[in-house]
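Structural features, examined
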Amino acid sequence: MAEDTETRRKRLLHRSRYTGMKETDILLGSFAARHLPTFTDRELDQYESLLENYDDPQIYAWAIGRDPVPQHLDTGVMKLLRAYRLPL
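The next subject is the overall build of the protein chain. Along the protein chain, the regular secondary structure elements total five helices and zero strands. Taken from N to C terminus, the helices and strands of the protein chain fall in the order α-α-α-α-α. Scaling as 2.2 N^0.38, a compact globule of 88 residues should have a C-alpha radius of gyration of about 12 Å, and the protein chain matches this with 12 Å. The long-range share in the protein chain, meaning contacts at least 24 apart out of those at least 6 apart in sequence, stands at 54%. In the form shown here, the protein chain has an accessible surface area of approximately 5600 Å², with 53% of it arising from carbon and sulfur atoms. Across the protein chain, the 13 positively charged side chains and the 14 negatively charged ones have centroids separated by 5 Å.

Next comes the structure, spelled out in structure tokens:
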């Protein structure tokens, strides 16, 4: 049975909040809460692929600009993540 979009968003939000690295939990959890509700299916695919295929420390390094983003990952979602700032 195919997962509906709202269930997928909830699953990705949970996954974003519990990555295994506290810094990434905070950053991705807040980012996901802000952006997942408006992501298209394509953007959800990009975000889910990032979470499933790359280690948390590497995602964090790309997000904060410590490491350059590989060209194949330089998507609209990654640009949003790199521009995202935690609310105060």
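Following the structure, the description resumes.
Leu36, Phe39, Tyr47, Ile59, Trp62 and Leu81 are the most contacted members of the largest nonpolar core, which has 20 residues in total. Of all elements in the fold, only α2 (22–35), α3 (41–53), α4 (56–64) and α5 (76–83) reach the threshold of two or more residues within this core.

In the structure shown here, the tally under the stated rule is six salt bridges. When the shortest N-O distance is used, the salt bridge between Glu3 and Arg11 registers 2.9 Å. With a relative accessible area of 38%, Glu3 lands in the partly exposed category. Classification of Arg11 as partly exposed rests on a relative accessible area of 33%. Arg8 serves as the salt-bridge partner of Asp45, at 2.6 Å between the closest nitrogen and oxygen.

Note that Thr24 resides in helix α2. When near neighbours in sequence (up to four residues on either side) are disregarded, Thr24 contacts Ser16, Thr19, Gly29, Asp56 and Tyr60.

Next up on the list: the environment of Glu3. Counting through the fold element by element, Glu3 comes out in the segment before α1 (5–17). Among all residues touching Glu3, those that are not within four sequence positions of it are Arg8 and Arg11. Within the structure, Glu3 has its side chain in polar contact with the side chain of Arg11 (distance 2.9 Å).

This brings us to the side chain of Ser16. For Ser16, the location among the structural elements is in helix α1. At 2.6 Å, the side chain of Ser16 and the side chain of Tyr47 are in polar contact.

In the contact formed by α1 and α3, the axes pass within 11 Å of each other and the chain directions differ by 30°. If you check the angle between α1 and α3, you find them roughly parallel. The handedness of the crossing between α1 and α3 is left-handed. Of the residues in α3, those in contact with Thr5, Arg8, Arg9, Arg11, Leu12, Arg15 and Ser16 of α1 are Asp41, Leu44, Asp45, Tyr47, Glu48 and Leu51.

Definitions and cut-offs
- Residues numbered from 1 in each chain as written.
- Predicted model: local features only at pLDDT ≥ 70, side-chain atom pairs only at ≥ 80, totals over all residues.
- Heavy atoms only, no water.
- Helix = DSSP H or I, 4+ residues; strand = E, 2+ residues; numbered from the N terminus.
- Rg over C-alpha atoms; globule rule 2.2 N^0.38 Å.
- Contact = heavy atoms within 4.5 Å.
- Areas by Shrake-Rupley, 256 points an atom, 1.4 Å probe, with all protein chains shown as cover.
- Lys, Arg positive; Asp, Glu negative; His and termini not counted.
- Charge placed at Lys NZ, Arg CZ, Asp CG, Glu CD.
- Core = buried A, V, L, I, M, F, W, Y, C linked by side-chain atoms within 4.5 Å.
- Buried < 20%, exposed > 50% of the residue type's maximum accessible area, 1.4 Å probe, protein only.
- Salt bridge = Lys/Arg side-chain N within 4 Å of Asp/Glu carboxyl O.
- Polar contact = N/O pair within 3.5 Å; in protein donor to acceptor, adjacent residues only side chain to side chain.
- Axes fitted to C-alpha atoms, helices over the stretch in contact; angles between N-to-C directions.
- Parallel < 35°, antiparallel > 145°, perpendicular 65-115°, else oblique.
- Left-handed = near helix turned anticlockwise from the far one by under 90°.

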